[in-house]
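# Structural characterization, general
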Amino acid sequence: MASPNLECRMYESKFPKAETVVMVQTTESSEMGTIVSLVEYNNINGLIFFTETDSRPQRRSISSLFKCRSLSSPAFKVEPFEPALVLRVNSEKGCIYLSKREVKEEDAKVCKKRYYKSMLVHFIMRNVAKTLSIDLEDIYTTIGWPLYRKYGHAFNALKLIANDPNSILDSITKEVKEVGPDGEEVPKMVPAVTEEMKDVLVKKIRDFLDIMGAFHALLPMDPTAFSFKDLV
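For clarity, every value in this text was computed on a predicted model and none was experimentally measured.

This brings us to unusual backbone geometry. Despite not being glycine, asparagine 42 has its phi angle at roughly 55°, a positive value. Looking at asparagine 42, the relative accessible area reads 33%, which means it is partly exposed. With a phi angle near 65°, asparagine 43 is a residue other than glycine that sits in the positive phi range. For asparagine 43, the location among the structural elements is in the loop between strand E2 (33–38) and strand E3 (44–49).

See the structure below:
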């Protein structure tokens, strides 16, 4: 049996929208700028141009810049996560252009808080997928992204699910086709979350809340951006 794919973006959209602030990690410095990975979007690559490029060596094509070295390369030191503003997105070529200079302080705080919440949701979703041997994207499609759509952020639903899982999860439905009396297929809405999924998800959330309630003060997170007390 093949192992499940546990890699997936955090959000339903494959690419961020222009004028949004996202969390990035520097992976390589090149002639044209800095190559970063967008950690909320399954580490797809983005480019931050240098302020001055005239004195730089001859430029390579933009597409070649995205063929950067692996994060595990001993020749490159990975930088911490930082907020960056999306300037424009070319989804056809997979090119995303960003700026660190244009990020406002308030937008950076909002980005950090959203990222911390998304990271916690991702941790839980990944554990559910691993436990059930299901691809992570399938878990997001069934549970995660519907919660994002309904609650603004799936994080906002976690505590609700821990206290009353049925009312939250049973409201997530999917359309299936059934054969009617006349032999024609007719659409029908049924619960999308199976009982097995529900049991595993609730256990993972409750286990997580127990850990956060006991150790939130010891975790190395930025207290000005987000507090784990929001969860418990």
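Take the sheet that holds E3 next. The strand order around the closed barrel formed by five strands is E1-E2-E3-E5-E4, and the pairing between neighbours is mixed. Between one strand and the next, the sheet's axes are offset by a mean angle of 55°, whatever the strand orientation. Direction of pairing for strand E4 (residues 81–90) relative to strand E5 (residues 95–99): antiparallel, over a ladder of five bridges. The partner of valine 86 across the bridge, within E5, is leucine 98.

Quick look at the nonpolar core now. Among the nonpolar cores identified, the biggest contains 56 residues, and Leu98, Tyr140, Ile143, Ile161 and Leu201 are the most heavily contacted of them. The element best represented in this core is helix H2 (residues 105–132), accounting for 11 residues. Other than its neighbours up to four places away in sequence, leucine 201 contacts Ile124, Met125, Val128, Ile143, Ile161 and Leu169.

Bringing the packing of aromatic side chains into the picture now. On inspection of all chains with the given rule, the structure shows seven aromatic pairs. Note on tyrosine 115 and tyrosine 116: the rings are 6.0 Å apart at their centroids and 45° apart in plane angle, and the pair reads as tilted. According to the relative accessible area criterion, tyrosine 116 is buried, its value standing at 13%. An aromatic cluster of three or more residues is present, and its members are Tyr11, Tyr41 and Tyr148.

Definitions and limits used
Residues numbered from 1 in each chain as written. Predicted model: local features only at pLDDT ≥ 70, side-chain atom pairs only at ≥ 80, totals over all residues. Heavy atoms only, no water. Buried < 20%, exposed > 50% of the residue type's maximum accessible area, 1.4 Å probe, protein only. Helix = DSSP H or I, 4+ residues; strand = E, 2+ residues; numbered from the N terminus. Pairing = 2+ DSSP bridges. Axes fitted to C-alpha atoms, helices over the stretch in contact; angles between N-to-C directions. Core = buried A, V, L, I, M, F, W, Y, C linked by side-chain atoms within 4.5 Å. Contact = heavy atoms within 4.5 Å. Phe/Tyr/Trp six-rings, centres within 6.5 Å; stacked < 30°, edge-to-face > 60°.

Any functional reading would require information that these geometric values do not contain.
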